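Notes for the structure review
Below, each chain spelled out in residue letters.
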Amino acid sequence: MTSANLAYHERVKRILPGGVHYNFNMPWEEVPLHFVDGSGSRLTDMDGNEYLDLYARFGAMILGHRNEEYLEALQSAMSRVLCVSHCDFDADALEAMNAHIPCAEMIRFGLSGTEILQAALRLARAYTMRNRFLRFENHYHGNADNVMGGRVVDPRVPTPFDFRGDYRGTAGRADGIMAEQSYMIPWNDIERLEEFFAEYGDTLACVLTEPVAVNGGSIDPAPGFLERVRELCTEHGVVLIFDEMITGMRLGLGGAQQQLGVIPDLATFGKAIGGGGVPVSALVGRREIMRLLESKKVIHAGTYNGYPLGTAAVAATFAILGRDDQRPLRQMRDRVGELQRVLVETATEAGLPLVVQGPAGVAAFHCAGQPLATPAEYGFDVMGKDILLAAALQRHGVLVSSVSRIYPNAQLSDDDLEFFSSRVGKAVAEAKQSIDEIY
Ligand SMILES: Cc1ncc(COP(=O)(O)O)c(C=O)c1O
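My aim in this report is to walk through the structure given alongside it, one point at a time. (Residues numbered from 1 in each chain as written. Predicted model: local features only at pLDDT ≥ 70, side-chain atom pairs only at ≥ 80, totals over all residues. Heavy atoms only, no water.)

1. Points about the site of the ligand
Near the ligand you find S112, G113, T114, Y140, H141, G142, E210, N215, D243, M245, I246 and K271, and these make up its full shell. Y140 has a polar backbone atom sitting 3.4 Å from a nitrogen atom of the ligand. For the ligand, the accessible surface in isolation is 390 Å², of which the surrounding protein chains cover 82%. The cavity that encloses the ligand is the largest pocket. Residues of the shell around the ligand, tallied by class, amount to three nonpolar, six polar and three charged. (Near = heavy atom within 4 Å. Polar contact = N/O pair within 3.5 Å; in protein donor to acceptor, adjacent residues only side chain to side chain. Areas by Shrake-Rupley, 256 points an atom, 1.4 Å probe, with all protein chains shown as cover. 1 Å grid on protein atoms, 1.4 Å probe; cavity = no way out; pocket = protein on both sides within 12 Å on 5 of 7 lines; lining within 4 Å. Sits in = over half its atoms within 2 Å of the grid points. Nonpolar A, V, L, I, M, F, W, Y, C, P; charged D, E, K, R; others polar.)

Here it is as structure tokens:
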């Protein structure tokens, strides 16, 4: 850590709690890097150090820094109208999403993922006139009290409770809110899912799931798992919600639902949907359910919902990434696939067991001998080793996201691959040494 950055951090820390904007920073980010410039996949910090940005602000930065076409669209929008409730950018954004996302018959916009998830839960409850929802171990759906962390104590009563040492647990949560509202079971376990539905299915408003368990280690759904979730929801009159906050744009403009061919009733989008420069989230879904908003039966409100810069950003992002049958996204995934191959090869040569798993674009590396089968396997042992490697990568100029995710952007270039290849060897060697010392 160099001098200008440290001094700046001291200045900020006096007023900003912890000197950070959120609490999910990693141990080596205690003193965050303060950046002054970004271009393509590269960032420059206050001391002039250059980094390859595979962190992408938790996956949001999909267009790459200083994407000219995107900046022009934002600047043009800003120069026309900044702060009105409805404007003439809306239709382009709505029609692009409607054309690509299978379940998006109707769409409402918000700002954050956390907020739009709560709107989805409210809508599902109103539609079914039931209260409880099911979520899965080690998934993440924002930082609201009712969806964060928790653990089931007695598997016969699948309600989650706070536990000591839960890094997604929090003091100050409304008492009992998780147990009152939700159930939690392991993901990717069809047998457990069927048992659960047999007992609780008819009392359930909705099932909330990431279609790929990106926050639980980038784990793909087991064959038939999501299909069975879909069937059981339909059978029991339960609304199926896909949280596509991360998979949304990164797996293709139609999201994971299109890639996997399992269509939810509602889905939530955020992060990369606005290109990476401005906050936008969206609740999309079947007309029959979304119409409850039309009749004003269910409230969805927000001062900045559908703000001009946001809808202009969504329209521009779909236009840029959608070009030539989504060529920018395909190229991005191919390039990052090559980068991942180099990482695995380097680790193997160094004798460090390492896998990269999950679809390219939202994949994660794990210092493990074989891919994780369920988010429940992503415990402190693997996570601790992953953190050591991520920290070593950062020391050598490569930034990855928390939970060791590798988030490329559409400007990832051959030059970036060379940059990565020239740094990864030293980082892996250092990480291996630390892991051997500690484990
Ligand atoms: C799957 C998922 N859902 C919801 C959220 C919450 O989104 P936000 O941080 O915009 O509130 C996140 C954020 O990381 C996420 O990964």
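2. Concerning the pairing of strand β7 (residues 157-161)
Examined bridge by bridge, strand β6 (residues 151-154) and β7 share three bridges and lie antiparallel to one another. When the bridges of β7 are listed, D154 appears paired with V157. Between β6 and β7, which pair antiparallel one after the other, the connecting turn spans two residues. (Pairing = 2+ DSSP bridges. Helix = DSSP H or I, 4+ residues; strand = E, 2+ residues; numbered from the N terminus.)

3. Here's the deal with the pattern of salt bridges
Under the definition given, this model contains 23 salt bridges. The partner of R42 in a salt bridge is D416, with the nearest N and O atoms 2.6 Å apart. Highlighted residues: R42 in strand β2 (residues 42-45) and D416 in helix α14 (residues 414-438), separated in sequence by 374 residues. D416 shares its class with R42; the two are buried. Taken together, the shared-partner salt bridges in this structure form one network comprising R42, E50, D415 and D416. (Salt bridge = Lys/Arg side-chain N within 4 Å of Asp/Glu carboxyl O. Buried < 20%, exposed > 50% of the residue type's maximum accessible area, 1.4 Å probe, protein only.)

4. Description of helix α13 (residues 380-395)
Compared with an ideal rise of 1.5 Å per residue, which puts 16 residues at 22 Å, α13 spans 22 Å between its outermost C-alpha atoms and is within 8% of the ideal. Every buried residue of α13 is accounted for by V382, M383, K385, D386, L389, A390, A391, A392, L393 and Q394. Residues of α13 that are buried in the fold lie against β3 (50-54), β14 (364-366), β15 (398-400) and α14. One or two residues past the end of α13 sits G397, with phi positive at roughly 90°. (Expected span 1.5 Å × (residues − 1). Contact = heavy atoms within 4.5 Å.)

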